[in-house]
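A structural walkthrough
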Amino acid sequence: MTNDSLAAEPDLNDSIYDLVVIGGGINGVGIARDAAGRGLRVLLVEKGDFAGATSSASSKLIHGGLRYLEYYEFRLVREALAERERLLAIAPHIAWPMSFVMPHIAGLRPRWMIRTGLFLYDRLGGRISLAKSKAVTLTNTLLGKPLKALFSQGFTYSDAWVDDARLVVLNALSAQQHGAQLLPRVSFEQAKRVGHFWHIEVKPTEIHPSPEQIPTHIRARMLVNASGPWVESVRARIELNDSILDEGILESNIKTQKQAGLGQLRLVQGSHMVVAQCYEGNHAYILQHTDRRVIFMLPYEHDYTLIGTTDLPLTDPNQQPTMTDAEVEYLCDAVNQYLEHPVKPQDVIWRYSGVRPLMDQGDTDNPSAVSRDYELKIEALNEVVPLLTVLGGKLTTYRKLAEHALDDLSDFCIDLPKGWTDQEVLPGGDIPDGWHGFEAWQTQFIAQYPDLDSEWLASITRRYGTLIPQVLSSLKSQSAPFGVSDLGLHFGGGLYECEVRYLRQNEWAWQAEDILWRRTKCGLHMTVDERISFEKWFKQHNL
Ligand SMILES: Cc1cc2nc3c(=O)[nH]c(=O)nc-3n(C[C@H](O)[C@H](O)[C@H](O)COP(=O)(O)OP(=O)(O)OC[C@H]3O[C@@H](n4cnc5c(N)ncnc54)[C@H](O)[C@@H]3O)c2cc1C
């Protein structure tokens with residue numbers, strides 16, 4: 001998406017869309033993709049960057065959620081486990097299986113309870129390709145090596161890992177390939193039902209490279225509010241009232257309307273911290289804390305360990321979530337019960353926080369116990385011009401959530417085709433034999449570029465899969481030999497000019513931070529000075 005390609009788009013002001021989606025997190029882009037693939041004319045607005053909010057701040061697990069079984073969330077766990085297999089199949093480049101180790105700790109959950117949970121976890125949701133859970137000895141093994149000697153026994157089970165921010169952008173790319181119009185850095189302002197259409201007012205933000213191309217008023221037959229933590233404040237700017245029946249331009253002074261029909265949303269901050277790798281191996285740990293919460297320790301970006309997460313109640317979605325020192329202490333305390341070599345607050349290299357938009361059913365004060373399931377609310381007057389609101393949800397269930405959303409909206413469409421997103425891989429994911437075949441494909445791919453650093457090639461295969469030739473050729477045509485000088489400037493941390501150009505031109509990366517922290521995690525591998533230099537360079541070059 002270059003400035004030129006934006007300019008070449010049809011005049012959006014004249015368009016009537018079947019569906020407008022508010023929010024470019026995982027749920028919004030998932031719905032836009034599904035809808036566009038079913039033949040609907042779709043527009044999505046995102047006020048920031050894709051995955052700029054909760055969807056890049058997760059633990060990055062595609063999981064059923066073992067702990068949710070304790071809260072009897074069987075529907076959610078079953079659906080999430082089935083989705084685990086599907087997401088591995090449609091995104092084999094950015095998602096892979098991960099083995100989890102749970103050391104047994106006397107005095108917390110008894111063995112029989114863990115065995116029962118794992119028995120259910122193995123059987124509830126169509127585990128096809130992942131390894132079964134089992135009891136393991138930790139003493140004198142790689143799995144037990146980082147742990148204190150008292151942890152001699154434990155359990156292992158399988159889940160999966162995904163690059164959350166890339167999952168969002170690949171869904172956005174796929175939606176675009178299916179004909180959706182995607183407008184990041186454009187905020188939804190307000191909407192009103194007028195006759196048979198939503199009249200919607202949007203506004204480009206300062207960061208948008210060509211604001212003059214963005215319409216201010218759009219008409220649509222259906223509206224989806226997938227604004228995550230902002231779902232209530234966005235809903236308050238949507239007027240369902242059908243009092244004006246002529247189809248004049250929306251007046252900008254429409255009063256905000258008290259939201260109707262939404263349950264209470266509970267905002268819960270969750271934080272993660274990154275430290276230098278504190279154990280060897282590709283497995284993860286799930287550690288029981290004394291407060292009965294579980295903490296994950298995950299291998300991250302080769303050289304690091306990711307530790308999370310916390311549950312901190314929040315009230316204002318506009319309050320920038322920031323990890324507190326108390327959260328750092330809490331996570332250190334939790335993992336240090338287990339680790340032979342303790343992690344200290346001063347070891348933290350990077351930290352991030354996100355806000356879970358959870359459905360509050362008013363049945364618990366404990367933020368960890370609030371359901372992680374989702375709900376879709378349809379509000380429509382006289383059975384037409386629906387508003388669908390997404391409440392709650394998990395990264396893992398986004399595809400199914402989108403499918404349910406479209407199925408619900410099919411009541412308002414004529415002959416809407418059935419769901420299709422479980423069949424088509426995401427861009428770059430057409431790896432022979434899927435995730436099983438990834439390593440063989442990667443080895444073969446790396447062998448084609450003997451003059452390039454194989455570790456760097458390995459990391460970009462994980463970002464782009466079969467799209468890599470496009471990334472490499474953004475500076476030079478794809479003819480051999482291909483040397484490091486063909487990659488352009490190196491900004492540090494494995495970030496080269498060719499990748500930056502590719503991201504700027506194809507993945508809506510308009511700010512340095514979009515590239516450093518979401519499209520890639522190169523920011524983590526760079527020094528502060530390298531990041532500052534890159535930011536300056538990026539600002540000066542209109543790629
Ligand atoms: C700490 C933490 C750990 C988690 N770990 C996992 C995990 O391991 N696995 C898992 O499956 N799930 C996990 N989750 C849950 C998962 O991340 C969320 O459920 C999911 O990302 C929510 O996506 P969303 O699209 O609903 O919201 P968001 O990603 O927040 O997207 C909403 C978007 O709407 C946009 N928006 C808001 N207002 C407007 C407006 N006026 N105009 C235009 N756009 C607007 C925002 O900018 C935002 O980008 C975790 C969540 C947290 C916080």
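Keep in mind that this is a model prediction, so the values were computed, not measured.

Focus on helix α8 (residues 398–409)
With 12 residues, α8 should cover 16 Å at 1.5 Å per step; its first-to-last C-alpha distance of 16 Å lies within 8% of that length. The element α8 is extensively covered by neighbouring structure, given that nine of its 12 residues are classed as buried. Regarding α8, the residues found buried are Y398, R399, K400, L401, A402, E403, A405, L406 and L409.

Some remarks on the site of the ligand
In the vicinity of the ligand, 38 residues are found, and the nearest of them are E46, S55, L61, G393 and T396. One nitrogen or oxygen atom from the side chain of T54 is found 3.0 Å from an oxygen atom belonging to the ligand. Those elements that provide at least two residues to the shell around the ligand are α2 (26–37), β2 (42–46), β8 (186–194), β12 (264–276) and β17 (350–360). For the shell around the ligand, a count of residues per class yields 14 nonpolar, 18 polar and six charged.

Section: unusual backbone geometry
The omega angle of the peptide bond from G308 to T309 is 15 degrees, so this bond is cis rather than trans. By the secondary structure assignment, T309 is in the loop between β15 (304–308) and β16 (312–314). Even without a glycine there, the phi angle at R292 is positive, about 75 degrees. When you line up the elements, R292 lands in the loop between β13 (284–288) and β14 (294–300). Accessibility expressed as a relative area gives 43% for R292, which makes it partly exposed. Of note, the phi angle at W508 is positive, near 55 degrees, even though the residue is not glycine. Considering the arrangement of structural elements, one finds W508 in the loop between α12 (497–506) and α13 (512–519). W508 sits in the buried class, given a relative accessible area of 0%.

Things to note about the pattern of salt bridges
Counting across every chain of the model gives 27 salt bridges. Here R399 makes a salt bridge to E403, at a shortest N to O gap of 2.9 Å. In this pair, R399 and E403 are both assigned in helix α8, four residues apart and thus about one turn of the helix distant. For E403, a relative accessible area of 12% translates into the label buried. Taken together, the shared-partner salt bridges connect D49, R166, R185, E507, E513, D514, R518 and R519 into one network.

Notes on the domain arrangement of the protein chain
Looking at the assigned domains, one finds that the protein chain contains domain 1 (3–54 + 166–263 + 372–412) and domain 2 (434–540). Taken together, the contact between domain 1 and domain 2 spans 16 residues of the former and 12 residues of the latter. Summed over both partners, the interface of domain 1 with domain 2 comes to about 1300 Å²; 58% of that surface belongs to carbon and sulfur atoms. Its largest share of buried area at the contact with domain 2, domain 1 owes to D49, R166 and L173, together 41% of the area lost on that side. Connecting domain 1 to domain 2 are four salt bridges. A salt bridge links R166 to E507; the nearest nitrogen and oxygen atoms lie 2.8 Å apart.

Looking at the packing of aromatic side chains
In total, this model carries 19 aromatic pairs according to the counting rule given. Between F100 and F296, the aromatic rings sit 5.8 Å apart at their centres with planes inclined by 80 degrees, giving edge-to-face as the arrangement. Remark: F296 occurs in strand β14 and F100 occurs in strand β4 (residues 95–103); sequence separation between them is 196 residues. Geometrically, the ring pair formed by W161 and Y300 is edge-to-face, given 5.9 Å between the ring centres and 65 degrees between the ring planes.

Comments concerning helix α9 (residues 438–447)
Listing the buried residues of α9 in full gives F438, W441, Q442, F445 and I446. Viewed end-on, α9 has its buried residues packed into an arc of 130 degrees, placing them on one side of the element. Those residues of α9 that are exposed and aimed more than 90 degrees away from the buried face are E439, A440, T443, Q444 and A447. Residues of α9 that are buried make contact with α10 (454–464) and α11 (468–472).

Some thoughts on the environment of N171
Relative to the helices and strands, N171 is located in helix α5 (residues 164–177). You can call N171 buried: its relative accessible area is 1%. Between the alpha carbons of N171 and A32 there is a distance of 8.4 Å; along the sequence they are 139 residues apart. Discounting chain neighbours no more than four positions away, the residues touching N171 are I26, V29, G30, R33, Y398 and L426. A polar contact of 2.8 Å, which involves the side chain of N171, links it to the backbone oxygen of L167.

Conventions adopted
- Residues numbered from 1 in each chain as written.
- Predicted model: local features only at pLDDT ≥ 70, side-chain atom pairs only at ≥ 80, totals over all residues.
- Heavy atoms only, no water.
- Helix = DSSP H or I, 4+ residues; strand = E, 2+ residues; numbered from the N terminus.
- Expected span 1.5 Å × (residues − 1).
- Buried < 20%, exposed > 50% of the residue type's maximum accessible area, 1.4 Å probe, protein only.
- Near = heavy atom within 4 Å.
- Polar contact = N/O pair within 3.5 Å; in protein donor to acceptor, adjacent residues only side chain to side chain.
- Nonpolar A, V, L, I, M, F, W, Y, C, P; charged D, E, K, R; others polar.
- Salt bridge = Lys/Arg side-chain N within 4 Å of Asp/Glu carboxyl O.
- Domains from an automatic or database assignment.
- Contact = heavy atoms within 4.5 Å.
- Buried area = accessible area lost by both parts, 1.4 Å probe.
- Phe/Tyr/Trp six-rings, centres within 6.5 Å; stacked < 30°, edge-to-face > 60°.
- Arc of directions from axis to C-beta.

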